[in-house]
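Descriptive analysis of the structure
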Amino acid sequence: MARLKIDRELCIGCGACVDACLYGALALVDGLAVVNDLCVACSACLDVCPVVALSLPAAQDASLSADTASGVWVWIETQHGGAAEVSWEMLGKGRELADARRVELVACVLGSRCQDLALSAGRRGADRVLLVDDPALAAFQTDVYARVLLTLVTAQRPEIMLFGATTRGRDLAGSLAADLRTGLTADCTELSIDPENGCLVQTRPAYGGNIMATIVTPTRRPQMATVRPRVFEPAPVQGDRVPTIERVAMPPVGELATEVLAFVPSRSDENLGQARVIVAGGKGVGSAEGFALLAELAALLGGAVGASRAAVDAGWVSYAHQVGQTGRTVRPELYIACGISGAIQHRAGMSTSRVIVAINSDPTAPIFDIAHFGVVGDLFQIVPALSAALRQQLGDQQ
Amino acid sequence: MVSEMRIVVMCKSVPDTMDVRFDPQTKTMVRAGVATTINPFDLFAIEAALRLREQHGGTVTAMTMGPSAAQRELQDAIAMGCDDAVLLSSPAYAGSDTWATAYALACAVRYMGEVDLIVCGRQAQDGDTGQVGPGIARQLGWPQVTYVSRVCELDLMARRIVVERLLEDGRQTLAAQLPAVMTVLKDANLPRTATLRGMRRAHRAVVPTWGPEITGADPRLVGLDGSPTRVVRVFSPTARQGQVQWITAATPQKVAEGLLAALTAEQLV
Ligand SMILES: Cc1cc2nc3c(=O)[nH]c(=O)nc-3n(C[C@H](O)[C@H](O)[C@H](O)COP(=O)(O)OP(=O)(O)OC[C@H]3O[C@@H](n4cnc5c(N)ncnc54)[C@H](O)[C@@H]3O)c2cc1C
Ligand SMILES: Nc1ncnc2c1ncn2[C@@H]1O[C@H](COP(=O)(O)O)[C@@H](O)[C@H]1O
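These numbers were taken from a predicted model, which means no experiment stands behind them.

Concerning the overall build of chain B
- Per the secondary structure count, chain B includes 8 helices and 15 strands.
- Taken over the C-alpha atoms alone, chain B extends approximately 70 × 50 × 40 Å along its principal axes.
- Residues counted as buried form 56% of the 269 residues belonging to chain B.
- Taking the contacts inside chain B whose residues are at least 6 apart along the sequence as the reference set, 69% of them involve residues at least 24 apart.
- Entry remark: accessible area of chain B is about 11600 Å², with carbon and sulfur atoms responsible for 54%.
- Charged side chains of chain B number 27 positive and 27 negative; the gap between the two group centres comes to 1 Å.

Re the sheet that holds strand β15 (residues 245-246) of chain B
- Overall, parallel pairing links the 6 strands, which are arranged β19(A)-β18(A)-β20(A)-β21(A)-β22(A)-β15(B) in an open sheet. Of all strands in the sheet, those bounded by a partner on one side alone are β19 (304-307) of chain A together with β15 of chain B.
- Here strand β18 (residues 277-281) of chain A runs beside β19(A); their pairing, made up of 4 bridges, is parallel. Across the sheet, Ala280(A) pairs through a bridge with Gly306(A), a residue of β19(A).

Section: the site of ligand 1
- The immediate surroundings of ligand 1 are formed by 27 residues, with Lys283(A), Ser308(A), Thr326(A), Ser341(A) and Gln345(A) found nearest.
- Close to ligand 1, residues of chains A and B are found.
- In this structure, Gly327(A) approaches ligand 1 through a main-chain N or O atom, which is 3.4 Å from an oxygen atom.
- Relative to its unbound accessible surface of 990 Å², ligand 1 loses 78% to contact with the protein.
- Elements that contribute at least two residues to the shell around ligand 1 include exactly α8 (309-313), α9 (344-347) and α11 (379-397) of chain A.
- Among the residues forming the shell around ligand 1, the class breakdown is 7 nonpolar, 16 polar and 4 charged.

So, the nonpolar core
- Judged by nonpolar contacts, the single largest core of 41 residues is most densely connected at Phe291(A), Ile336(A), Val357(A) and Ile359(A).
- Top element by residues in this core is α11(A). It accounts for 7 residues.
- Excluding its chain neighbours within four sequence positions, the residues that come into contact with Ile359(A) are Ile336(A), Ala337(A), Cys338(A), Gly339(A), Val375(A), Gly377(A), Leu379(A), Ile382(A) and Val383(A).
- Core analysis: the second largest hydrophobic core is formed by 39 residues, Leu74(B), Ala77(B), Ala85(B) and Val148(B) among them.

Regarding the pattern of salt bridges
All names here are of chain A.
- Scanning all chains against the criterion turns up 32 salt bridges over all chains.
- Residues Arg391 and Glu296 are paired through a salt bridge, measuring 2.2 Å at the closest nitrogen-oxygen approach. Of this pair, Arg391 sits in helix α11 while Glu296 is found in helix α7 (residues 288-300), placing the two residues 95 residues apart along the sequence.
- On the basis of relative accessibility, which here comes to 32%, the residue Glu296 falls in the partly exposed class.
- One network of salt bridges, in which partners are shared, links Arg95, Asp99, Asp127 and Arg241.

Examining helix α4 (residues 132-140) of chain B
Residue and element names in this part refer to chain B.
- For α4, a buried count of 8 out of 9 residues is recorded, marking the element as mostly surrounded by other parts of the structure.
- Among all positions of α4, only Gly133, Pro134, Gly135, Ile136, Ala137, Arg138, Gln139 and Leu140 are buried.
- Following α4 by one or two positions, Gly141 adopts a phi angle in the positive range, close to 75°.

A closer look at the packing of helix α3 (residues 98-112) of chain B against α4(B)
All names here are of chain B.
- One way to put it is that α3 packs onto α4 with a least axis distance of 8 Å and a crossing angle of 50°. Between α3 and α4, the angle is such that the two are oblique. The handedness of the crossing between α3 and α4 is right-handed. Where α3 approaches α4, its residues Thr98, Trp99, Thr101, Ala102, Tyr103, Leu105, Ala106, Val109 and Arg110 are matched on the opposing element by Val132, Gly135, Ile136, Gln139 and Leu140.
- The residue inventory of the contact of α3 with α4, partitioned by class, reads 9 nonpolar, 4 polar and 1 charged.

Regarding the packing of aromatic side chains
- The final tally for this structure, using the stated rule, is 7 aromatic pairs over all chains.
- Taking the centre distance of 5.8 Å and the plane angle of 45° together, the rings of Trp75(A) and Phe140(A) count as tilted. Highlighted residues: Trp75(A) in strand β5 (residues 72-76) and Phe140(A) in the loop between β9 (128-133) and α5 (142-156), separated in sequence by 65 residues. Neither residue differs from the other here; Trp75(A) and Phe140(A) are each classed as buried.
- When the ring of Phe140(A) is compared with that of Tyr145(A), the centres are 4.7 Å apart and the planes differ by 55°; the resulting orientation is tilted.
- An aromatic cluster is built from Trp75(A), Phe140(A), Tyr145(A) and Phe163(A), whose rings are joined through pairwise contacts.
- Sitting above the plane of the Trp99(B) ring, Arg181(A) keeps its charged end 4.9 Å from the centroid.
- The positively charged end of Arg233(B) is found above the aromatic ring belonging to Phe235(B), 3.9 Å away from the centroid.

Here's the deal with the sheet that holds β5(A)
All names here are of chain A.
- If you walk across this open sheet you meet the 7 strands as β11-β15-β10-β5-β8-β9-β16, and the pairing is parallel. The open sheet terminates on both sides in strands that have one partner only, identified here as β11 (184-188) and β16 (245-247). With direction set aside, neighbouring strand axes in the sheet form an average angle of 25°.
- Bridge analysis of strand β10 (residues 160-164) against strand β15 (residues 223-227) gives 5 bridges, and the strand direction is parallel.

Concerning the pairing of strand β8 (residues 105-111) of chain A
Residue and element names in this part refer to chain A.
- Of all 7 residues making up β8, 7 are buried, and the element is well covered by its neighbours.
- Burial along β8 is two-sided: the face carrying Leu105, Ala107, Val109 and Gly111 and the face carrying Val106, Cys108 and Leu110 are both buried.
- Judged from the 5 bridges that link them, β5 and β8 form a sheet pairing that is parallel. Bridge assignment links Ile76 to a residue of β8, and that residue is Val109.
- Bridge analysis of β8 against β9 gives 6 bridges, and the strand direction is parallel.

Notes on the domain arrangement of chain A
Residue and element names in this part refer to chain A.
- The domain boundaries assigned to chain A delineate domain 1 (5-60), domain 2 (66-247) and domain 3 (272-397).
- For domain 2 versus domain 3, the distance between C-alpha centres works out to 32 Å.
- Contacts between the two partners involve 11 residues from domain 2 and, on the opposite side, 10 residues from domain 3.
- Approximately 950 Å² of surface area, both sides summed, lies buried where domain 2 meets domain 3, with 40% of it carried by carbon and sulfur atoms.
- Contact with domain 3 buries area across many residues of domain 2, yet Gly208, Arg228 and Arg230 alone supply 62% of it, more than any other trio.
- Note that Glu233 and Arg331 form a salt bridge whose closest N and O atoms lie 3.2 Å from each other.

Calculation rules
Within every chain, residues take consecutive numbers counted from 1 along the sequence as written. Whichever chain is written first is A, and whichever ligand is written first is 1; the rest continue in order. Note on the predicted model: pLDDT of at least 70 is required for a residue's local features to be given, and 80 or more for side-chain atom pairs to be given and counted; whole-chain, interface and lining totals, by contrast, use all residues. Side-chain numbers come from the whole structure's heavy atoms, not from hydrogens or water. Secondary structure counts use DSSP, requiring at least four H or I residues in a row for a helix and at least two E residues in a row for a strand, with both numbered from the N terminus. Summary of the burial criterion: residues with accessible area below 20% of their type's maximum are buried, those above 50% are exposed, and those between are partly exposed, where the area comes from a 1.4 Å probe applied to protein chains only. Contacts are assigned to residue pairs that have any heavy atoms within 4.5 Å of one another. Accessible areas in this description were obtained via Shrake-Rupley with a 1.4 Å probe; residue shielding takes into account the shown protein chains only. Charge counting follows a simple rule: Lys and Arg are positive, Asp and Glu are negative, and His as well as the terminal groups are ignored. Charge coordinates come from a single atom per side chain, which is NZ of Lys, CZ of Arg, CG of Asp or CD of Glu. Strand pairing is assigned whenever DSSP detects at least two bridges linking the two strands. Distances are taken per atom, and a residue is near a molecule or strand as soon as one of its heavy atoms is within 4 Å of it. Two N or O atoms form a polar contact when they lie within 3.5 Å of each other; inside protein one atom must be a possible hydrogen donor and the other a possible acceptor, and for residues adjacent in sequence the pair counts only when both atoms belong to side chains. Gly counts as polar in this scheme, as do all residues outside two lists: the nonpolar Ala, Val, Leu, Ile, Met, Phe, Trp, Tyr, Cys and Pro, and the charged Asp, Glu, Lys and Arg. Joining through side-chain atoms within 4.5 Å is the link that ties buried Ala, Val, Leu, Ile, Met, Phe, Trp, Tyr and Cys residues into a set, and such a set is a nonpolar core. Each reported salt bridge corresponds to a side-chain nitrogen of Lys or Arg within 4 Å of a carboxyl oxygen of Asp or Glu. Helix axes use the C-alpha atoms of the stretch in contact, all axes being lines fitted to C-alpha atoms, and the angles between their N-to-C directions lie in the range 0 to 180 degrees. Any angle from 65 to 115 degrees is called roughly perpendicular, while one under 35 is roughly parallel, one over 145 is roughly antiparallel, and all others are oblique. Two helices that cross are described as forming a left-handed crossing if the nearer one is turned anticlockwise from the farther one by less than a right angle, and a right-handed crossing if clockwise. Here a pair means two rings of Phe, Tyr or Trp (six-membered ring of Trp) with centres within 6.5 Å. Their orientation is stacked below 30 degrees between planes, edge-to-face above 60, and tilted elsewhere. By definition here, charges over rings are those cases where NZ of Lys or CZ of Arg is within 6 Å of the ring centre and within 35 degrees of the ring normal. An automatic or database domain assignment provides the domain bounds reported here. Summed over both partners, buried area is the accessible surface (1.4 Å probe) that two parts give up on being assembled.

Next comes the structure, spelled out in structure tokens:
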């Protein structure tokens, strides 16, 4: 039920609030303003009412009470026309959480012509897939997506909601949590259920990974978290599983204040998130030309080029390549760090890579603390030699 | 609507170091020094706001919620070129999480009235969530444009801003209606340093302090009481176990061969 209160004695039916509402939640009926369930209590209408007929009673009243909320929801994000890998990782973790709570695991698929995605989510273990398939959802827009999810959440009351800690996920979760007045914990790397009170226990790095903090949302629901990509194992595909897909009609979202004008997909060498191999360079690489050596090795390995912040700040390579706390989080099969000291902020973005190779002239560089294979030497000698050896090995195979 | 822009930059005062550790004995944060600074990411926000003012006229107000000592950071913001500043400080704000912070900041903006654009940094260096920007936008019911790497166009007559955003899989060009909330990446610009004149101005500037009683924020919705989340434990991360396997040989060629052999054994090539 809408939290907004309308004093029918005071209302003069001027319609100012109807125009101010972004959500299409207000209308004039018989010359008086009435509110419907699309209201998110944003208060935009309060300011425009000339006679102060509108009010928002304390937000506590609208809380989704902890006793009635149920179910673990995962937002399935689209990237490159398919699911972002982190979505499957969240379904893996979400399964555990749902089992611990003995509730259902629900995947939310929003998009246009995304039936396949919904099927995949079902095969990855979701008990139920909520599918909102509409042309208006073709391009991701926080505004629209948040409104659609808000409608679903207020109608069905999940207890836990997970989003990928991606640009889209952080945006969407941040908006939704604000609307729902509930807790949101960013960039979680550990999630579990407290056996005593059933709360979601969320652990995340703070201060660039120098400390870890465990955070709970004791009373508000849903408990919301964004989840670091490449931390949890993706849910396996169960080919024989028959997904339960529930189509939900697109709710009215009213007028939009944003418009996507263009989208230019990133080049494949910038595509760090999907790369199996990443060859990364730091301050030690010394120049943009130095990065050409890394690009050559990356190409031979079919991988992408990564960089430390120092290399990005120096202008040798664009920000899209930055790995770390303020760049991308990656977890490739192989990460080759060349001339990177391994500052905590850099490690925050790559330390879970399956195999880490470090090439550094300084044997005391902290990168060697997390490397599986270490080479103490000059990258300008080692990297070309590695490319040459690789080329020879590839040539031999043909 | 007026043709002069009114911009608010949200800047946070953070410890001037990343060298923060947790002392398990005392259960407190150990900070190498007590010095604070403007959150480095917010310098890009300030720069973006100043550039927009230079192109379109108007004023830039720096806003911080924090302890009274954060006044100093606001003076730094004025020294960089902001016209004025507001400090949100009150015992009632203590312990705010991102929801309560966004609420408190949004109430202050609503109290100011007639603001066209709010600019935030991508994330705070300490809290590191990037949630406050979107939170403010929703509290105000304004559109948000986040992770902005470039402001392409601002049309005050059409009340529209066009930006380029950096997403995982590409670059998106997005238009938003003003008033709006924008969060910027460090790609967006190169922040200027304070000028002598700016520093003199900052020295003279009087920064007002607003508590919830001034901005009209509901005292039950700010600070720890207004925060839906609770931090229940803080601890040091455990280092990765295991040892590095050194690849050594007489020549770079031999090292490369050794490394390649190891990677081949791991089925990586
Ligand atoms: C809030 C904050 C956020 C940050 N976020 C990030 C982030 O997201 N990502 C990130 O990477 N950093 C980040 N940093 C910066 C981080 O603290 C380090 O400054 C940075 O990672 C250092 O980059 P580097 O290792 O390339 O440079 P350096 O630390 O200067 O290391 C260069 C290394 O190259 C080696 N070297 C030099 N020449 C050669 C050679 N010829 N052959 C082999 N080795 C050579 C040197 O021995 C040295 O170890 C952040 C910092 C802060 C404060
Ligand atoms: N206490 C605060 N005062 C002013 N601005 C803030 C505060 N906290 C966060 N912000 C703004 O919100 C951005 C994101 O912060 P966070 O969500 O904490 O990572 C920062 O870069 C600031 O622009």
